[in-house]
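The lines below spell out each chain.
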Amino acid sequence: MLIDQHCHSVLAPGAEEPDDETLGTLLTESDRPPAAGTDPFGGALGLAVRRWCPPALGLPAHADPAAYLARRRELGTAEATRRLLSAAGLTACLVDTGLTTAAGRPLLPLADLARASGARVYEVVRLETVAAEVVAEPARWPEALAQALADACADAVAVKSVLAYRYGLAIPAARPTRAEVVRAAGEWLGGPRERLADPVLLRHLLWQAVELGLPIQLHTGFGDPDLRLHLADPALLVDFVRAVEPSGVPLVLLHCYPYHRQAAWLAHCFPQVYVDVGLTLSYTGARAAEVLGEVLELAPFGKVMFSTDAYGLPELYLVGAAQYRYALDRLLAGWRQDGACTAADAAAIGAGLSGANASRLYRLDLATPADGQVT
Amino acid sequence: MLIDQHCHSVLAPGAEEPDDETLGTLLTESDRPPAAGTDPFGGALGLAVRRWCPPALGLPAHADPAAYLARRRELGTAEATRRLLSAAGLTACLVDTGLTTAAGRPLLPLADLARASGARVYEVVRLETVAAEVVAEPARWPEALAQALADACADAVAVKSVLAYRYGLAIPAARPTRAEVVRAAGEWLGGPRERLADPVLLRHLLWQAVELGLPIQLHTGFGDPDLRLHLADPALLVDFVRAVEPSGVPLVLLHCYPYHRQAAWLAHCFPQVYVDVGLTLSYTGARAAEVLGEVLELAPFGKVMFSTDAYGLPELYLVGAAQYRYALDRLLAGWRQDGACTAADAAAIGAGLSGANASRLYRLDLATPADGQVT
Amino acid sequence: MLIDQHCHSVLAPGAEEPDDETLGTLLTESDRPPAAGTDPFGGALGLAVRRWCPPALGLPAHADPAAYLARRRELGTAEATRRLLSAAGLTACLVDTGLTTAAGRPLLPLADLARASGARVYEVVRLETVAAEVVAEPARWPEALAQALADACADAVAVKSVLAYRYGLAIPAARPTRAEVVRAAGEWLGGPRERLADPVLLRHLLWQAVELGLPIQLHTGFGDPDLRLHLADPALLVDFVRAVEPSGVPLVLLHCYPYHRQAAWLAHCFPQVYVDVGLTLSYTGARAAEVLGEVLELAPFGKVMFSTDAYGLPELYLVGAAQYRYALDRLLAGWRQDGACTAADAAAIGAGLSGANASRLYRLDLATPADGQVT
């Protein structure tokens with residue numbers, strides 16, 4: 001069992017195949033063109049793609065980028081996607097549906113993603129995306145938002161917050177008052193509505209999510225250049241974590257790197273905090289086992305969860321899954337060899353991270369066979 | 001020689017044996033009940049307990065938690081404590097006496113701890129605990145505090161500050177004025193006296209300690225959920241470190257993780273700063289050698305000291321000592337094998353960390369045989 | 001090819017040989033006397049010096065400090081310097097000329113450094129050093145500064161900023177206005193002129209450098225006790241990085257440790273950001289391969305550059321080069337063995353870090369044989 005507890009959809013096949021530049025852009029967290037003398041494959045993630053993906057397309061591991069991209073074009077997006085996704089061997093995916101395009105191209109609808117991957121697909125609703133579409137008189141905006149969220153989450157297993165991108169994680173813990181929310185909503189609704197970045201509204205969204213009761217996934221740690229990394233340190237959430245604790249609503253810290261040890265401390269201390277290793281294990285390449293080890297220094301084994309955070313490219317699903325398996329096997333083999341745990345301990349730890357923890361947290365029903373269905 | 005330069009006492013045997021839940025609580029830094037699907041043994045520290053402790057109670061290493069706890073109960077607290085403490089093989093312990101209970105149960109008096117462990121026991125006085133008991137007119141509080149500290153420290157080898165918990169480490173460097181202290185004392189004495197968290201008084205306590213001249217141990221880095229981790233980064237102490245430097249009073253940064261590289265830089269730069277690896281090497285389990293390696297990247301070898309930070313459970317003494325030995329051996333064996341140092345270098349480094357550094361810093365007289373006495 | 005993209009000159013031979021204390025002082029980032037019981041060789045860098053340097057002076061590796069220092073004195077500074085520098089095997093050095101003495105003794109002029117090392121030597125101009133010498137009416141100071149910088153940089157390949165020491169990296173992104181600069185210049189020129197630490201002037205210097213168009217090297221991360229480490233976290237530069245981005249002027253983050261993962265993220269996201277591993281790989285000793293691995297988790301391979309940051313002691317050139325080669329070989333051998341990359345990949349990564357990246361960035365002409373000339 002392998003449950004990808006946080007990911008995004010991948011490019012839909014279109015009339016025109018994506019060119020190499022588009023594919024390259026999706027291989028980094030940067031949305032800028034590469035610097036002179038560098039290319040998107042020239043980093044830890046690029047090596048990992050060349051390690052794990054060519055075999056799924058019938059090429060030897062470590063094929064060079066040009067050969068790989070040529071083979072991918074030859075197969076076409078639909079076939080390459082099917083091969084890469086199924087090679088990832090995912091049982092279930094929790095898909096953040098807040099992004100519907102990548103590099104300006106549409107993403108696969110969830111039903112198609114489910115079919116192509118053979119995995120059961122669950123939805124994660126992005127709070128800011130829902131809120132941005134709520135239009136109402138400011139005085140009625142809170143109720144309109146609450147309704148919109150309830151509607152959007154009818155079939156969702158979790159919500160997702162990108163507070164880290166929009167404002168940073170150093171927010172006051174307290175729920176904003178209704179008057180504050182109405183005032184902030186008025187300003188936002190009356191403004192250019194570029195994107196929702198008002199800290200009062202962002203904080204209100206989190207508290208609305210607490211009310212909904214679904215687990216809240218929060219972006220923390222590294223990401224694209226839109227971020228101020230030091231303000232995405234999950235340790236900054238501690239007051240909010242304490243304030244939410246009585247509700248029992250789970251907070252899932254995504255990515256976390258390079259503050260994953262801080263995230264692990266929060267998971268160690270607070271029963272409702274969980275940590276995710278997605279994005280991080282893909283991007284850190286050959287170093288993934290060490291980074292996973294750093295997470296497991298303090299994080300309870302029952303609160304760490306695999307994900308890929310794949311987005312746009314099916315390669316990122318396969319790389320995410322392969323890197324995770326590789327890192328986990330290497331780490332735990334070292335522990336066993338070193339006398340730090342038994343084979344049974346290692347198996348239990350792996351089963352938790354791979355899916356049992358996510359299945360329990362999100363209350364996933366995996367009993368019936370999953371054959372590419374959206375739940 | 002193995003000197004535990006910072007620890008606490010352990011549960012006293014009582015009419016009633018502690019139940020499994022109580023023991024479990026003491027196995028994590030969290031004071032909350034474990035999350036659903038998790039248990040106190042399900043983490044790096046739990047694995048380490050199962051690795052090192054069962055043999056001391058006559059069970060095979062990696063015994064499962066239920067078997068271990070049953071055997072512990074069978075032996076009774078007094079016998080289990082004696083076995084676990086003596087298996088730790090400590091020459092001396094510096095015990096922070098600021099905590100007298102754990103999980104609501106009393107801790108062993110120092111003389112009993114000395115007897116059970118066979119180690120020489122020294123006292124470390126917790127500043128905030130002394131200050132909280134000083135009652136005087138605000139205008140005379142500074143003198144009353146100075147007297148109380150002098151009295152409390154008559155036989156102590158060091159003092160301890162929990163500023164990190166009460167306020168955080170980002171304090172102004174300057175000694176507060178007498179007027180500021182009197183005013184703050186007045187407010188505190190007139191208030192509900194819940195716990196001393198006023199930053200002026202906390203800072204004053206540190207400066208009083210500088211005047212006493214004993215080494216000052218400071219909690220830094222991770223700990224229980226009462227902490228804001230990012231405010232416990234020892235780098236935040238830099239202005240205070242500089243201000244204290246002329247006095248020559250040693251500052252010992254405890255735990256430090258995950259900011260141990262920052263702590264090591266302070267020890268590298270400032271003659272009077274020392275770092276401790278207690279708590280950290282216990283909790284990081286199979287990863288302890290790597291974490292110790294990170295400390296030794298910048299910290300002078302003559303300024304790093306072993307401790308356990310054990311509290312409540314004698315298991316934490318044995319695990320702390322065993323994890324330290326294991327991490328040190330593994331790290332230095334790697335260095336030797338790699339050609340980075342000679343066997344004699346490795347032995348000297350180990351001797352320093354294990355006790356020579358602490359013995360020199362705290363001026364411990366270890367010449368006469370220690371047979372469970374309090375010094 | 002090995003290009004040291006950031007270093008300083010070394011002690012010039014003088015009438016009197018430097019004593020052991022002087023040499024010891026230059027072996028740490030601390031300018032304080034060592035603490036009781038410690039010595040300058042008693043740390044990771046000290047072990048690395050004893051590993052790599054004695055053979056260059058005809059002693060076995062790991063010679064003890066006394067024997068090494070005696071042999072060094074026997075050979076004399078000129079000969080020891082020549083041997084150590086040539087053993088480093090450097091093709092080219094980019095020398096920050098902002099420091100002209102070390103431990104109160106003069107440094108070798110660049111031409112002599114070039115002769116002794118056999119490397120091509122390029123100049124890096126320290127912004128604050130130039131600015132500190134500009135005297136003009138406040139109203140004309142901006143122009144005088146611009147002229148002085150242009151003159152100083154006529155033959156330079158880069159400029160260097162020590163903003164991290166003087167103020168910290170958390171600066172506003174925007175270029176200060178002329179009025180702000182004139183006012184700040186007036187205050188500084190009218191004051192005791194101790195050292196330039198005004199944040200407006202420091203920021204103005206950076207923007208002047210952007211106008212010059214040369215790559216800007218910035219001290220980030222650890223250094224001497226004059227620093228507040230947490231304010232040298234390169235992540236704090238993100239707003240400035242974004243503001244500079246349209247100019248295309250490269251920003252080279254020096255040292256970075258222990259925030260090298262943060263620096264790598266900036267290099268990952270922003271095309272004009274580069275990272276350097278100098279100082280860091282020397283000081284972290286036997287752990288250098290792990291630290292280099294941490295840099296390469298996120299940093300594009302085409303944007304990471306070797307340097308030594310050697311200063312004062314020729315030992316630091318040899319140690320820097322040897323530690324880098326050792327760390328790189330060990331890291332990449334592990335990757336190959338592990339199946340993470342091919343031998344050709346490893347060779348290409350190494351070639352980039354060792355010199356190709358720096359050569360491209362600084363547009364160095366290395367075609368003609370370098371025989372100790374200053375370019």
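Rules used throughout
Residues numbered from 1 in each chain as written. Chains lettered and ligands numbered in written order. Predicted model: local features only at pLDDT ≥ 70, side-chain atom pairs only at ≥ 80, totals over all residues. Heavy atoms only, no water. Helix = DSSP H or I, 4+ residues; strand = E, 2+ residues; numbered from the N terminus. Rg over C-alpha atoms; globule rule 2.2 N^0.38 Å. Contact = heavy atoms within 4.5 Å. Areas by Shrake-Rupley, 256 points an atom, 1.4 Å probe, with all protein chains shown as cover. Lys, Arg positive; Asp, Glu negative; His and termini not counted. Charge placed at Lys NZ, Arg CZ, Asp CG, Glu CD. Buried < 20%, exposed > 50% of the residue type's maximum accessible area, 1.4 Å probe, protein only. Pairing = 2+ DSSP bridges. Right-handed = clockwise from strand over helix to strand, strands pointing away. Salt bridge = Lys/Arg side-chain N within 4 Å of Asp/Glu carboxyl O. Axes fitted to C-alpha atoms, helices over the stretch in contact; angles between N-to-C directions. Parallel < 35°, antiparallel > 145°, perpendicular 65-115°, else oblique. Nonpolar A, V, L, I, M, F, W, Y, C, P; charged D, E, K, R; others polar. Expected span 1.5 Å × (residues − 1). Arc of directions from axis to C-beta. Least-squares fit on C-alpha atoms with pLDDT ≥ 70 in both. Buried area = accessible area lost by both parts, 1.4 Å probe. Polar contact = N/O pair within 3.5 Å; in protein donor to acceptor, adjacent residues only side chain to side chain. Disulfide = S-S within 2.5 Å. pLDDT = per-residue confidence, 0-100. Core = buried A, V, L, I, M, F, W, Y, C linked by side-chain atoms within 4.5 Å. Phe/Tyr/Trp six-rings, centres within 6.5 Å; stacked < 30°, edge-to-face > 60°. Lys NZ or Arg CZ within 6 Å of the ring centre and 35° of its normal.

**Observations regarding the overall build of chain A**
For chain A, the count of helices and strands is 16 helices and 10 strands. Taken over C-alpha atoms, the radius of gyration comes to 20 Å for chain A, in line with the 21 Å a tight globule of 375 residues would show. Along the first, second and third principal axes, the C-alpha atoms of chain A reach 60 × 55 × 45 Å. Here the contacts in chain A between residues at least 6 apart in sequence split such that 78% fall between residues at least 24 apart. Per element, the accessible surface of chain A, about 12300 Å² overall, is 53% carbon and sulfur. Taking the average place of the 31 positive charges on the side chains of chain A and the average place of its 42 negative ones, the gap between the two points comes to 2 Å.

**Notes on the pairing of strand S8 (residues 251-255) of chain C**
Residue and element names in this part refer to chain C. By the criterion of burial, S8 is predominantly enclosed, with 5 of the 5 residues buried. Bridging between strand S7 (residues 216-220) and S8 involves 5 bridges; their strand directions are parallel. Looking across to S8, one finds that Gln217 is bridged to Val252. In this region the chain leaves S7, passes through helix H11 (residues 238-244) and returns to the parallel neighbour S8; the handedness of that crossover is right-handed. Looking at chain direction, S8 and strand S9 (residues 273-276) are connected through 3 bridges and run parallel. Residue pairing for S9: Leu251 is matched across the bridge by Val273. Taken together, S8, helix H12 (residues 260-269) and S9 form a β-α-β motif whose crossover is right-handed.

**Things to note about the pattern of salt bridges**
Following the criterion strictly, the structure yields 67 salt bridges over all chains and no others. Note that Glu79 of chain B and Arg82 of chain B form a salt bridge whose closest N and O atoms lie 3.1 Å from each other. With Glu79 of chain B and Arg82 of chain B both in helix H4 (residues 77-88), this residue pair falls 3 residues apart, about one helical turn. For Glu79 of chain B, a relative accessible area of 25% gives the class partly exposed. Assessed through its relative accessible area of 41%, Arg82 of chain B is described here as partly exposed. Asp338 of chain B is the salt-bridge partner of Arg51 of chain C, the closest N and O atoms lying 4.0 Å from each other. A residue pair is termed interchain when its members come from two chains, as with Arg51 of chain C in helix H2 (residues 44-52) and Asp338 of chain B in the loop between helix H15 (314-337) and helix H16 (343-361). Under the relative-accessibility criterion, Asp338 of chain B is labelled partly exposed at 24%. Overlapping salt bridges bring together Arg261, Arg287, Glu294 and Glu297 of chain A, Arg261, Arg287, Glu294 and Glu297 of chain B together with Arg261, Arg287, Glu294 and Glu297 of chain C as one network.

**Brief notes about the packing of helix H3 (residues 65-75) of chain A against helix H4 (residues 77-88) of chain A**
Residue and element names in this part refer to chain A. It is at 6 Å that the axes of H3 and H4 come closest, and there the two elements cross at 110°. Our classification of the angle between H3 and H4 gives roughly perpendicular. The segment H3 lies against H4, with Tyr68, Arg71, Arg72 and Leu75 engaging Thr77, Glu79, Ala80, Arg83 and Leu84. For the contact of H3 with H4, the per-class residue count stands at 4 nonpolar, 1 polar and 4 charged.

**A closer look at helix H7 (residues 141-152) of chain C**
Residues and elements named next belong to chain C. Here H7 contains 12 residues, and its C-alpha end-to-end distance of 16 Å stays within 8% of the 16 Å for a straight helix at 1.5 Å per residue. Within H7, the full set of buried residues consists of Trp141, Pro142, Leu145 and Leu149. In a view along the axis of H7, the buried residues occupy a sector of 100°, so they form one face of it. Where H7 is buried, its residues touch helix H6 (127-132), helix H9 (178-190) and helix H10 (199-212).

**Thoughts on the sheet that holds strand S6 (residues 156-161) of chain B**
Residues and elements named next belong to chain B. Ordered in space as S1-S2-S5-S6-S7-S8-S9-S10, the 8 strands form an open sheet in which the pairing is parallel. Pairing within the sheet leaves two strands with one partner each, and these edge strands are strand S1 (3-7) and strand S10 (304-305). Where helix H10 (residues 199-212) meets the sheet, it contacts S6 and strand S7 (216-220), and its direction lies at approximately 150° from that of S7.

**Here we look at the relation of the copies chain C and chain B**
Once chain C is rotated about the relating axis by 120° and shifted along it by 0.0 Å, it coincides with chain B to within an RMSD of 0.0 Å. Classification of the inter-copy transformation places it as that of a three-fold axis. The rotation axis passes nearest to the C-alpha of Glu290 of chain C in chain C, at a distance of 5.4 Å. An overlap of only 3% is found between the interface residues of chain C and their copies at the interface of chain B, pointing to separate contact surfaces.

**Brief notes about the interface of chain C and chain B**
Taken together, the contact pairs 37 residues of chain C with 33 residues of chain B. Summing both sides of the interface, chain C and chain B together bury roughly 2900 Å²; the carbon and sulfur share of this comes to 57%. Where chain C touches chain B, the interface holds 8 salt bridges. In this assembly, chain C and chain B are joined by 21 residue pairs in polar contact (both at pLDDT 80 or more). Looking at the side of chain C that touches chain B, the elements that each hand over two or more residues are H2, helix H14 (288-298) and helix H15 (314-337) of chain C. No other element matches the 4 residues that H2 of chain C contributes to the side of chain C that touches chain B.

**Considerations on the relation of the copies chain C and chain A**
These two copies of the chain differ by a rotation about an axis and a displacement along the same axis. The operation relating chain C to chain A is a screw motion whose rotation component is 120°, with 0.0 Å of axial translation and a residual RMSD of 0.0 Å. The two copies present different faces, since only 3% of the interface residues in chain C are matched by interface residues at the equivalent positions in chain A.

**A few points about the side chain of Arg126 of chain B**
With respect to the element layout, Arg126 of chain B can be found in strand S5 (residues 120-126). Residue contacts for Arg126 of chain B: discarding those within four places in its chain leaves His8, Asp96, Gly98, Leu99, Lys160 and Val162 of chain B.

**Observations regarding the interface of chain C and chain A**
Buried accessible area, meaning the area lost when the parts come together, often serves as the stated size of an interface. Chain C puts 33 residues into the contact, and the matching count from chain A is 37 residues. Here chain C meets chain A over a buried area of about 2900 Å², counting both sides, of which 56% is carbon and sulfur. For the chain C face of the interface with chain A, the top three residues by lost area are Arg261, Trp265 and Glu297 of chain C, together amounting to 21%. On the surface where chain C and chain A come into contact, there are 7 salt bridges.

**Focus on the state of the cysteines**
Residues and elements named next belong to chain B. Counted according to the given criterion, the structure contains 0 disulfides over all chains. The structure places no disulfide on Cys153, whose sulfur is separated from the nearest cysteine sulfur, that of Cys7, by 17 Å. The class for Cys153 is buried, based on a relative accessible area of 7%. Lacking any disulfide linkage, Cys269 is separated from the closest cysteine sulfur, that of Cys256, by 15 Å. Note on Cys269: relative accessible area 0%, which makes it buried.

**A short note on the confidence of the model for chain A**
Mean pLDDT over chain A: 96, with 98% of residues reaching 70 or higher. At the level of chain-chain contacts, confidence expressed as ipTM amounts to 0.97, with global pTM at 0.97.

**Focus: the pairing of S7 of chain B**
The element S7 of chain B is largely enclosed, with a buried count of 5 among its 5 residues. Burial of the side chains of S7 of chain B extends over both faces: Ile216, Leu218 and Thr220 of chain B are buried on one face and Gln217 and His219 of chain B on the other.

**What about the sheet that holds strand S10 (residues 304-305) of chain A?**
Residues and elements named next belong to chain A. Taken together, 8 strands build an open sheet; the order of strands is S1-S2-S5-S6-S7-S8-S9-S10 and the sheet is parallel. With one partner strand each, in any of the chains shown, strand S1 (3-7) and S10 form the two edges of the open sheet. Of the strand pairs in this sheet, S1 and strand S2 (residues 92-96) are connected by 3 bridges, and their pairing is parallel. By the bridge assignment for S2, Asp4 is matched with Cys93.

**Notes on the nonpolar core**
Counting residues in each nonpolar core, the largest one holds 389 residues, and the members touching the most others are Tyr317 and Trp335 of chain A, Tyr317 and Trp335 of chain B together with Tyr317 and Trp335 of chain C. In this structure, Trp335 of chain C is in contact with Leu47, Ala286 and Arg287 of chain A together with Leu296, Phe301, Ala340, Cys341 and Ile349 of chain C, ignoring residues within four places of it in sequence.

**Remarks on the packing of helix H2 (residues 44-52) of chain A against helix H15 (residues 314-337) of chain A**
Residues and elements named next belong to chain A. In the contact formed by H2 and H15, the axes pass within 9 Å of each other and the chain directions differ by 90°. On the basis of their axis angle, the class for H2 and H15 is roughly perpendicular. Contacts between H2 and H15 involve Leu45, Ala48, Val49, Arg51 and Trp52 on the former and, on the latter, Glu315, Leu316, Leu318, Val319, Ala322, Gln323 and Tyr326. For the contact of H2 with H15, the class distribution of residues is 9 nonpolar, 1 polar and 2 charged.

**A word on the packing of aromatic side chains**
All names here are of chain A. By the definition in use, this model includes 21 aromatic pairs over all chains. Their ring planes at 70° and their centres at 5.5 Å tell us that Phe222 and Tyr257 sit as a pair that is edge-to-face. Of this pair, Phe222 sits in the loop between strand S7 (216-220) and helix H11 (238-244) while Tyr257 sits in the loop between strand S8 (251-255) and helix H12 (260-269), and the two are 35 residues apart along the sequence. Cluster of aromatic residues (ring-pair linked, three or more members): Phe222, Tyr257 and Tyr283. Taking NZ or CZ as reference, Arg193 lies 4.7 Å from the ring centre of Trp188, over its face.

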